[in-house]
Amino acid sequence: MLERHCILVGMPGVGKTTIGRRLANRLGADFVDLDAVIETEIGCPIRTYFEHQGEAAFRDIEARLLERALAAESPCVFSTGGGAVLRASNRRAMHAGGTVMYLRSSPEHLARRLRNDTKRPLLQVGDPLKKLKELYAQRDPLYREAAHYVVETQRGSVATVVGHIAMQLDLIRA
């Protein structure tokens, strides 16, 4: 049983949604995918919104919906978009509003996982590995600032990572 929100942050493609769903199931908690909430709110895929309205408008909506998710009374597991940490106010709100787990993986590992991805707007470039390295250099310190714990994901299965997070949450409650 969760006592506080468990918030998953990390690079695009690290597995926040997959791990979040499994973790919520294991804990008997609700799962909220912030990107899915955003798409419902804006009425179109994030990529389309990004192309037409720009990143700044998207980040405004993301911040508003993150705040709403954090205000939910019943603790849940939720995944954020990879760029949710770009705003200092989001990092502070997540850190204060729940237990933040930074799911960490190397850009090289992510590039292999995402080689056929067409959904993530920031990765629709000629050299996705180069872009992932740039994003990692920019965002890794921000993920670490928001996080209570760093969880390495590239060496374990989804079940292993979920087990590690659940164990960490148990230790917090003990």
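The sections below set out a description of the structure shown in this document.

1. Some details on the environment of Asp35
(1) Moving on: Topologically, Asp35 is positioned in helix 2 (residues 34-42).
(2) Moving on: Along the sequence, Asp35 and Leu65 sit 30 residues apart, while their C-alpha atoms lie 9.5 Å from each other.
(3) Moving on: Once you skip the residues sitting within four places of it in the chain, Asp35 turns out to touch Ile46 and Gly81.

2. Thoughts on the sheet that holds strand 2 (residues 31-33)
(1) Moving on: Here we have five strands laid out as an open sheet, ordered 2-3-1-4-5, and parallel in their pairing. Each edge of the open sheet is held by one strand with a lone partner, namely strand 2 and strand 5 (149-152). Going across the sheet, the axis of each strand differs from the next one's by a mean of 25°, ignoring polarity.
(2) Moving on: The pairing of strand 1 (residues 5-10) with strand 4 (residues 98-104) spans six bridges and is parallel. The partner of Val9 across the bridge, within strand 4, is Tyr102.

3. A word on the packing of aromatic side chains
(1) Moving on: The full count for this structure, using the stated rule, is two aromatic pairs.
(2) Moving on: Measuring from ring centre to ring centre gives 5.3 Å for Phe50 and Phe58, while their planes differ by 55°; the resulting arrangement is tilted.
(3) Moving on: Assessed through its relative accessible area of 13%, Phe50 is described here as buried.

4. Observations regarding helix 2
(1) Moving on: When helix 2 is considered as a whole, its buried residues turn out to be Leu34, Ile38 and Ile42. The buried residues of helix 2 occupy one face: seen down the axis, they fall within an arc of 65°.
(2) Moving on: Next to the buried residues of helix 2 lie strand 2, helix 3 (46-53), helix 4 (55-70) and strand 3 (77-79).
(3) Moving on: Measuring from the backbone nitrogen of Asp35 back to the side-chain oxygen at the start of helix 2 gives 3.0 Å, which picks out Asp33 as the cap.
(4) Moving on: Looking one or two places after helix 2, you find Gly43, whose phi comes out positive at around 75°.

Cut-offs used in this document
Residues numbered from 1 in each chain as written. Predicted model: local features only at pLDDT ≥ 70, side-chain atom pairs only at ≥ 80, totals over all residues. Heavy atoms only, no water. Helix = DSSP H or I, 4+ residues; strand = E, 2+ residues; numbered from the N terminus. Contact = heavy atoms within 4.5 Å. Pairing = 2+ DSSP bridges. Axes fitted to C-alpha atoms, helices over the stretch in contact; angles between N-to-C directions. Phe/Tyr/Trp six-rings, centres within 6.5 Å; stacked < 30°, edge-to-face > 60°. Buried < 20%, exposed > 50% of the residue type's maximum accessible area, 1.4 Å probe, protein only. Arc of directions from axis to C-beta. Polar contact = N/O pair within 3.5 Å; in protein donor to acceptor, adjacent residues only side chain to side chain.

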